[in-house]
Amino acid sequence: MRGLLAFAALRGHAARTALAVLGVAVAAAMLLDMVMLSTGLRESFQHLLLSRGFQLRLAPRGTLPFDTEAMIPGATAILDTLRTLGDVTTVSPVLGAQLHVPRDGRVTTTFALGVNPAAQGDYELRSGRDPNDANELVANDEFLHAAGLQVGDTLEAATGYNPQLRTFAGQRRLTIVGRARFLYLSAGQPAVALPLRTLQAMTGHTRDDAVSLFMVRLRDGASVDAARDWIRAHVRTVDAISTADALAQVDDRLRYFRQLGYILGAVSLMVGFLLITTLMTVSVNERVGEIAVMRAIGVSRPHVVQQIVLESTVISSAGTACGLALGLATARYLNAILSQFPGLPAAIDFFPFQPRAIWTALALLASVGILAGVYPSWRAASRPIAGTLREEAVA
Amino acid sequence: MSALLTARDLYRDYALDGTAVHAVHGVSLDVAAGEYVAIVGPSGCGKSSLLNLLGAIDRPTAGTVSFQGRDVSALGDRALTRFRLLHIGFVFQRFYLMPILTARENVELPMAEAGMSRPDREQRGDELLRYVGLQARGRHRPTQLSGGEQQRVAIARALANRPALVLADEPTGELDARTGAEIIALFERLNADGTALVVVTHDEELAHAARRLIHMRDGAIITQEVLAPNGSSGA
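Residues numbered from 1 in each chain as written. Chains lettered and ligands numbered in written order. Predicted model: local features only at pLDDT ≥ 70, side-chain atom pairs only at ≥ 80, totals over all residues.

**Q** Is there a simple way to explain the overall build of chain B in this structure?
**A** Of regular secondary structure, chain B possesses seven helices and ten strands. A principal-axis box enclosing the C-alpha atoms of chain B has dimensions of 45 × 40 × 40 Å. Out of the 235 residues in chain B, the part that is buried amounts to 49%. Long-range contacts, defined here as pairs at least 24 residues apart, represent 67% of the contacts in chain B between residues at least 6 apart. (Helix = DSSP H or I, 4+ residues; strand = E, 2+ residues; numbered from the N terminus. Buried ≥ 20, exposed ≤ 12 C-beta atoms within 10 Å, placed from the backbone. Contact = placed C-beta atoms within 7 Å.)

Following this line, the structure appears as C-alpha cells:
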C-alpha cells in the first residue's frame, strides 16, 4: 500500500515528477562527467604510456620527452650500456625532427620520427608494412591527406627548408610503405616514421649519433624503480622517467583540472540533494493534512516516512539512470572537443568509462537523493495530528 | 452496559498568541460498549477538542482517557498509533479521503497498515462498500464521488479494522439535508450492529438520533440527557 501511495503521489503530479527526474538527471550527468574527467584522464594517460609495454623513458637530462629540442648524443654507446642491465628486454631509440615535403608547388611540413622499426613503440600499423629499408617511411592519414599521397608513392623529403630562397637541406627520396596511427601525437598532426639512421643522416646527426629519446621495456616482474636508478647512475646524460614519474608530472600539470572536476562534482551532488529536498519539502507541505489523517487513522510514523522516502527513491533512481545515459552522451561530445586540445596525444580519452568510480558516484547521488526525503517526511509525520487537522479545516 | 471508554478530569489548554485557551476544562465521561452519544454545543465550546482527546489524536494537558480499562493517555506514539488503528474509527467533517487512491483502496488503507493480506482486505473492502451502499463505486476516486458518497467511503474506512468505537466530528456538516439523512441512517444501522458511536455535531437530527446527548459550553459538560429511541428526552 505504501508503494501504491508513493507511485500514485508521483503520478498525480506527473509534470513535477518529470521535471524533478530531469533535474536529478542533469546533476547526475554532470557528476558522472566530472568523476570521469577528474580520475579518468590520469588513467587514460597511464594506459597510453603502458600500451606498448615500455616502462621507462630516457630524455635529455633536465627535460621531459620532446619537451625541448635537446638531444642525447652517443645513442649506440648508451644502447650498449643499457643492454648490460639484465632486466632490459627492448630499447627503442627515437629521434624527432621536422620533415618538409615539396609537391605540386607547395610544401607540406610534418613531424618525423626516426625509429628502429623492429623495436619501436610510437605507432601502430594500419596497413602496409614497417619501413625496414633505409629509404622507406610510414605515414599517418593526416600527412597522406595533406600531401595528397598514398601508400606506394615516392616523395622528396628534406629536413631543412628556407622559404625565402625555397632551398632544401638534407633531401632524400623516400617511398611510403605503410599507413600508421601515431600514439603520442595530438589530433590532426601530420606525422611520418622512418628508420633512425636515415633521419639521423638527413638531420646531420650521424656523427654525434644523437636521438631525442629512448623507450625502455623491462622483463616482467622487474623492478622499474631499481632499473630507473641504475640507469640514472650509469647513463649521466639522461633522465630516466618511469611511468609513475610521468604520471606524477601529469598529476601536477593537471592538478587544477582535477580540482575543478572535484569541485563541480561536489556541486552537482549538492544540487541533486537540494533539488530533491526542496521538491520533497514542497510535496510534503502540500500533503500535511493527508499525512495527519493517515496518522489519525493509525498509519505509523515510520510508514509515512517510508512512503515519502520511496517517492524520493523513485525520483533519485530514475534521475540517476537517465543521468547515466545523458552523462555518457555528454562525455562523448566533450571528449571530441577536448581531444583537439593542442599538445595532448589524440589517443588520450578525457572521459574513460571507469565502472567502479562511476557506479560509486551514481550510487552516492542516489543515496543522497533518498536521504533528502527523510527529513521533510519525518518532520511532516511528527506534526501534531489534531492541530494540523484543525489548521487544514480552517484553511 | 460496561464502560468502553472512560475519561476522567480531562483538561486541554492551548497557547494562542501568548494567551492560554482552555479548550477542555475538567471533563469526565463514560461511553459504554455499543452506546450512541452525541455531543452538542456552540462553536468553540471544545466539542472537537474533546473528541480528539477521546480518540487519542491529541494528548490531554491533565486527566486520563482509558479504553477497556487501559490508560491510553500514557502510551507512547507507536502504541497510541496502533491503538487508534485497531480500536478507533474516525469520521471527519471533510471526509479526508486520499485523493490518489480509489474508494476501495481508501477503505483498505487501515487494513493494510494492520497487516491484513491483500485478498482478505479486498474481500473486507468490498463488504464494507456494500455495507455503505457503494459496492459499484469501489474503483472511483474521491473526486468522482459526491459528498455523501465520500462520507460513506470515510465511514467504511473507519470500520475497516472492526473498531469498538467510531468517533465522528460533524459528519453531516458538509452535506445537504437529504444526504445528511442518509448518513444519519447509516450511523443508526452501524450502532444497531453493535458499534459504539460518539458524534460531535450541530445537526439537530443527527444529535437526536443518539441515545445520549451531552451539552458542552466553555470546555465543560453542562448537561447530559438520555434520549428515547424516537429522539425525545427519556428517563
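So much for the structure itself; the text now carries on.
**Q** Even after reading the chapter, I still don't get the overall build of chain A, so can you show me in this structure?
**A** Secondary structure summary: chain A contains 13 helices and twelve strands in total. In terms of C-alpha radius of gyration, chain A reaches 31 Å, well past the compact-globule figure of 21 Å for 395 residues. On the principal axes, the C-alpha backbone points of chain A span a range of 100 × 50 × 35 Å. The buried share among the 395 residues of chain A stands at 43%. Sequence separation of 24 or more characterises 83% of the internal contacts of chain A that already satisfy a separation of 6 or more. (Rg over C-alpha atoms; globule rule 2.2 N^0.38 Å.)

**Q** Looking at this structure, how should I read the packing of helix 1 (residues 2–12) of chain A against helix 10 (residues 301–338) of chain A?
**A** In a pair of packed helices, the angle between the axes and the distance between the axes together describe the arrangement. Residues and elements named next belong to chain A. Their axes nearest at 9 Å, the elements helix 1 and helix 10 cross at an angle of 50°. The angle between the axes of helix 1 and helix 10 places the two elements in the oblique class. Here helix 1 and helix 10 pass one another in a crossing that is right-handed. In this structure, helix 1 uses R2, G3, L5, A6, A9 and L10 to contact helix 10, whose residues at the interface are H303, Q306, Q307, L310, E311 and V314. (Axes fitted to C-alpha atoms, helices over the stretch in contact; angles between N-to-C directions. Parallel < 35°, antiparallel > 145°, perpendicular 65-115°, else oblique. Left-handed = near helix turned anticlockwise from the far one by under 90°.)

**Q** Can you help me understand helix 2 (residues 77–87) of chain B in this one?
**A** Count 3.6 residues to each turn of an α-helix, and residues three or four apart come out pointing the same way. Listing the buried residues of helix 2 of chain B in full gives B:T81, B:R84, B:L85 and B:H87. Among the structural elements, helix 9 (288–296) of chain A together with strand 4 (62–67), strand 6 (88–91), helix 3 (103–113) and strand 7 (165–169) of chain B are those in contact with the buried residues of helix 2 of chain B.

**Q** It is not clear to me how the domain arrangement of chain A should be interpreted in this structure. Could you clarify?
**A** All names here are of chain A. The domain boundaries assigned to chain A delineate domain 1 (2–48 + 255–394) and domain 2 (62–236). Taken over C-alpha atoms, the centre of domain 1 sits 51 Å from the centre of domain 2. Contacts between the two partners involve nine residues from domain 1 and, on the opposite side, five residues from domain 2. Across the side of domain 1 that touches domain 2, the residue classes break down as six nonpolar, three polar and no charged. (Domains from an automatic or database assignment. Nonpolar A, V, L, I, M, F, W, Y, C, P; charged D, E, K, R; others polar.)

**Q** What is the right way to look at the interface of chain A and chain B in this model?
**A** Taken together, the contact pairs 20 residues of chain A with 22 residues of chain B. Breaking the side of chain A that touches chain B down by element, the ones donating at least two residues are helix 1, helix 9, helix 10 and helix 13 (385–394) of chain A. Classifying every residue of the side of chain A that touches chain B gives twelve nonpolar, five polar and three charged.

**Q** Got a minute to help me understand helix 4 (residues 118–131) of chain B in this structure?
**A** Residue and element names in this part refer to chain B. With 14 residues, helix 4 should reach 20 Å at 1.5 Å per residue; the first-to-last C-alpha distance of 20 Å fits that figure. Those residues of helix 4 lying buried are R121, R124, G125, L128 and L129. Projection of helix 4 onto a plane perpendicular to its axis shows the buried side chains occupying an angular sector of 135°, all on one side. Seen from the buried face of helix 4, the exposed residues on the opposite side, beyond 90 degrees, are P119, D120 and Q123. Here the buried face of helix 4 lies against helix 3 and helix 5 (147–158). (Expected span 1.5 Å × (residues − 1). Arc of directions from axis to C-beta.)

**Q** Explain the sheet that holds strand 2 (residues 19–32) of chain B to me, please; I cannot follow it from the model alone.
**A** Two orientations exist for strands paired in a sheet by backbone hydrogen bonds: parallel and antiparallel. Residues and elements named next belong to chain B. Spatially, the four strands line up as an open sheet ordered 2-1-4-5, and their pairing is antiparallel. At either end of the open sheet lies a strand with only one pairing partner, and these are strand 2 and strand 5 (70–71). Where strand 4 lies against strand 5, two bridges are found, and the strand directions are antiparallel. Residue pairing across strands places S66 opposite D71, the latter belonging to strand 5. (Pairing = 2+ DSSP bridges.)

**Q** Would you mind going over the environment of A:Y161 with me for this structure?
**A** Residues and elements named next belong to chain A. Mapped onto the elements, Y161 comes out in strand 7 (residues 160–162). Residue Y161 is classed as partly exposed on the basis of its 19 C-beta neighbours within 10 Å. Along the backbone, Y161 and A187 are 26 residues apart, and their C-alpha atoms lie at a distance of 25 Å.

**Q** What am I meant to see in the packing of helix 2 (residues 14–50) of chain A against helix 7 (residues 243–253) of chain A here?
**A** All names here are of chain A. Packing of helix 2 against helix 7 brings their axes to within 10 Å, and their N-to-C directions diverge by 150°. Helix 2 and helix 7 meet at a crossing whose hand is right-handed. Between helix 2, through R42, F45, Q46, L49 and L50, and helix 7, the contact on the second element is made entirely by T243, A246, L247, V250 and D251. Partitioned by chemical class, the residues of the contact of helix 2 with helix 7 number six nonpolar, two polar and two charged.

**Q** Could you clarify how one ought to interpret the pairing of strand 10 (residues 220–226) of chain B in this entry?
**A** Strand direction decides the pairing type here: strand 9 (residues 212–217) of chain B and strand 10 of chain B, joined by six bridges, are antiparallel. Along strand 10 of chain B, the bridge assignment pairs B:L213 with B:E225.

**Q** I'm lost on the sheet that holds strand 7 of chain B in this one. Help?
**A** Residues and elements named next belong to chain B. One open sheet accounts for six strands, arranged 6-7-8-3-9-10; its pairing is mixed. Each edge of the sheet is formed by a strand with only one pairing partner; in this case those strands are strand 6 and strand 10. The sheet shows a mean angle of 20° between the axes of neighbouring strands, taken without regard to direction. By the bridge criterion, four bridges tie strand 3 (residues 36–40) to strand 9 in an arrangement that is parallel. Within the sheet, the bridge partner assigned to V40 lies in strand 9 and is H215.

**Q** Would you take a moment to explain the environment of A:G298 for this structure?
**A** You can see A:G298 is positioned in the loop between helix 9 and helix 10. Sequence-distant contacts of A:G298, defined by excluding residues within four places in its chain, comprise B:T81, B:R82, B:R84, B:L85, B:P110 and B:E113.

**Q** Even after reading the chapter, I still don't get the nonpolar core, so can you show me in this structure?
**A** For soluble globular proteins, the rule of thumb is that nonpolar side chains tend to be buried together. Membership of the largest hydrophobic core comes to 128 residues, with the highest contact counts inside it found for A:L31, B:L197 and B:V198. Broken down by element, this core gets its largest block of residues, 18 residues, from helix 2 of chain A. Excluding residues within four positions of it along the chain, B:L197 makes contact with B:Y36, B:V37, B:V166, B:A168, B:F187, B:L190 and B:N191. Ranked by size, the runner-up nonpolar core spans 53 residues in total, among them A:Y123, A:L199, A:V235 and A:A240. (Core = buried A, V, L, I, M, F, W, Y, C linked by C-beta atoms within 7 Å.)

**Q** Just to check I follow, could you spell out unusual backbone geometry for this structure?
**A** Among all residues save glycine, negative phi is the norm, and among peptide bonds the norm is trans. All names here are of chain B. Unlike most non-glycine residues, Y96 shows phi in positive territory, near 50°. Of note, Y96 is situated in the loop between strand 6 and helix 3. Within the chain, E170 stands out as a residue other than glycine whose phi angle is a positive 50°. By the secondary structure assignment, E170 is in the loop between strand 7 and helix 6 (177–192). In this structure E170 comes out as buried when scored by C-beta crowding, with 21 C-beta atoms within 10 Å.

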